[in-house]
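Structural characterization, general
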Amino acid sequence: MHGVFSTMMDFHANGRPKIASLDGMRGLAVLLVLLVHYSVAWTLLFPQAANEATFTRLMADVAFSLGNAGVDLFMVMSGYLIYDHLMIKPQPFPVYFGRRVRRIFPTYLVVLAIYVVLMLIQPEKSKLPHDPIEAIIYIIQCALLIPIFFGKEPIVGIAWSLTYEILFYLALPFLIYVTGMRYRNWSTRIAILASIAVIISCITYAAEAHERIIMFVGGMLARESLVGRSYRFSRPRLMEGAALLIFVISIGTIAYWRGPSSFVYPEYPEALGRSYLLFIGFSTLLLATLGTDGICRRIFEWVPLGLIGEISFSFYLTHNLTMRIVIGFLLPHVSSSIAEMFFWLALPFTFVLCLIPGLAIYMLVERPLSLQRPAMISFKKPKKAEEDNITAVSNP
């Protein structure tokens, strides 16, 4: 098992070295998402404690606010990686998009099938319509990641973020082609991306929805900052310190800024302000991690965090279902008297319980079907180039 994980950590599917710090950032992102559903699960188990003004209740609220930022971090990394890849080497759209589809859909469809089977077993907890034809149509919509376009909640609740990813994959090659980004100088590319960010902000503000799309642009701007001359500072430690300060201020504000009510994602205009803060905070964190050889890189190159990042997509898709099953088992047996102790002591056990199905899906589905891994490690450059250099980091 150690040998398997060592290979996972050190090499991409084509045998080229990974950027280990990005695996660590994915690990952080998925752990943040875990906090969201853990805090919600705690309120379901102990509704009385969730309404009391205690320190634990405050920490649960903060965990919810911070945890919601995990998806935003995934989007920033996705914007960085996919944009960087397409700028370095253009390729036919069917090849590019086919590989992106292959990266997402095998694992997602297996998890969707598990959800559907469980809903058929327990119809009282099902999202499926009672009419069989409508249920089939709904399942097909969810399989294609399009239920939000019909005003429906996805069967796999967190699949809304995959819809964002697919839309980004579709739009980015077109954007690069229309703007001629590959043939522009650095300052022009920055100006184009900044203009796109402003346009997205205006559109999402008018629609009062989908403001998190701007996170992809944050990753793209980070990439341009890394390749531009203006980023080559003579004092990298000073730059990293400034970036960390910006990140801490941004994430600290998010922790305090908890929306109009507890455990509720903020509404407009608060939601847009939240996205701006994370746009700045996560972009600078990415710059500090990839642009300097300092504490950020060392933290995110920590092997256990990288291992979590390696299986983050499978973990992301399965952890909420695991928690729901655990809640269903515990609900008749817990007392409100242990609410605060439970919140602090159960978190590591919850992580381990969620890790088991996530790792199983990774080993049985994601790794063999979506990640091409050679039987023997080779340092020769393969004929199929750059696309396989991008791992699951682009998926939440």
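Refer to the structure printed above.
Residues numbered from 1 in each chain as written. Predicted model: local features only at pLDDT ≥ 70, side-chain atom pairs only at ≥ 80, totals over all residues. Heavy atoms only, no water.

With that settled, consider the packing of aromatic side chains. This model, assessed by the stated rule, comprises 15 aromatic pairs. Seen from their ring centres, Tyr38 and Phe343 are 5.6 Å apart, and the 45 degrees between their planes marks the pair as tilted. With Tyr38 in helix α2 (residues 20-45) and Phe343 in helix α16 (residues 339-370), this pair connects stretches of sequence that are 305 residues apart. Ring centres of Phe247 and Phe282 lie 6.0 Å apart, and the angle between their planes is 40 degrees; on these two criteria the pair is classed as tilted. In this pair, Phe247 sits in helix α11 (residues 236-256) while Phe282 sits in helix α12 (residues 270-291), placing the two residues 35 residues apart along the sequence. With a relative accessible area of 16%, Phe247 lands in the buried category. Given the relative accessible area of 2%, Phe282 is considered buried. Ring-pair connections join several aromatic residues into one group, and the members of that group are Tyr38, Trp42, Phe46, Phe55, Phe342, Phe343 and Trp344. A cation over an aromatic ring shows up here: Arg100 above the ring of Tyr169, its NZ or CZ 5.6 Å from the ring centre. (Phe/Tyr/Trp six-rings, centres within 6.5 Å; stacked < 30°, edge-to-face > 60°. Helix = DSSP H or I, 4+ residues; strand = E, 2+ residues; numbered from the N terminus. Buried < 20%, exposed > 50% of the residue type's maximum accessible area, 1.4 Å probe, protein only. Lys NZ or Arg CZ within 6 Å of the ring centre and 35° of its normal.)

On to the packing of α2 against helix α4 (residues 55-67), then. Remark: α2 packs on α4, axes separated minimally by 7 Å, with the N-to-C direction vectors making an angle of 140 degrees. Overall, the two elements α2 and α4 adopt an arrangement that is oblique. Here α2 runs over α4; the crossing is left-handed. When α2 is examined against α4, the residues Leu32, Val33, Leu35, Val36, Ser39, Val40 and Trp42 are found in contact with a partner set consisting of Thr56, Arg57, Ala60, Ala63, Phe64, Leu66 and Gly67. Of the residues that constitute the contact of α2 with α4, the class distribution is 10 nonpolar, 3 polar and 1 charged. (Axes fitted to C-alpha atoms, helices over the stretch in contact; angles between N-to-C directions. Parallel < 35°, antiparallel > 145°, perpendicular 65-115°, else oblique. Left-handed = near helix turned anticlockwise from the far one by under 90°. Contact = heavy atoms within 4.5 Å. Nonpolar A, V, L, I, M, F, W, Y, C, P; charged D, E, K, R; others polar.)

With that out of the way, let us pick up unusual backbone geometry. Although it is not a glycine, Leu145 sits at a positive phi angle of roughly 60 degrees. With respect to the element layout, Leu145 can be found in the loop between α7 (132-143) and α8 (160-179). Although it is not a glycine, His210 sits at a positive phi angle of roughly 60 degrees. One can find His210 in the loop between α9 (186-207) and α10 (214-227). Of the residues examined, His210 reaches a relative accessible area of 40% and is grouped as partly exposed.

This paragraph deals with the side chain of Glu240. Relative to the helices and strands, Glu240 is located in helix α11. At 6.2 Å, Arg298 is the nearest oppositely charged side chain to Glu240, a buried residue that forms no salt bridge. At a separation of 3.0 Å, a polar atom in the side chain of Glu240 contacts the main-chain amide nitrogen of Ile295. If we ignore the near neighbours within four places in the chain, the residues touching Glu240 are Ala288, Thr292, Gly294, Ile295 and Cys296. (Lys, Arg positive; Asp, Glu negative; His and termini not counted. Salt bridge = Lys/Arg side-chain N within 4 Å of Asp/Glu carboxyl O. Polar contact = N/O pair within 3.5 Å; in protein donor to acceptor, adjacent residues only side chain to side chain.)

Turning next to α9. Here α9 is 22 residues long and its end C-alpha atoms lie 32 Å apart, about the 32 Å a rise of 1.5 Å per residue gives. Listing the buried residues of α9 in full gives Arg189, Ile192, Leu193, Ile196, Ala197, Ile200, Ser201 and Thr204. As for α9, its buried residues are in contact with α5 (69-88), α8, α10 and α12. Remark: Glu208 follows α9 within two positions and exhibits a positive phi of approximately 55 degrees. (Expected span 1.5 Å × (residues − 1).)

Okay, the nonpolar core next. Counting 100 residues, the largest nonpolar core has Trp42, Ile104, Tyr108, Ile155 and Phe282 as the members making the most contacts within it. The element contributing the most residues to this core is α5, with 13 residues. Residues contacting Phe282, with those up to four places away along its chain left out, are Ala69, Asp72, Leu73, Val76, Phe247 and Ile251. (Core = buried A, V, L, I, M, F, W, Y, C linked by side-chain atoms within 4.5 Å.)

Worth remembering: the numbers are spatial, not functional.
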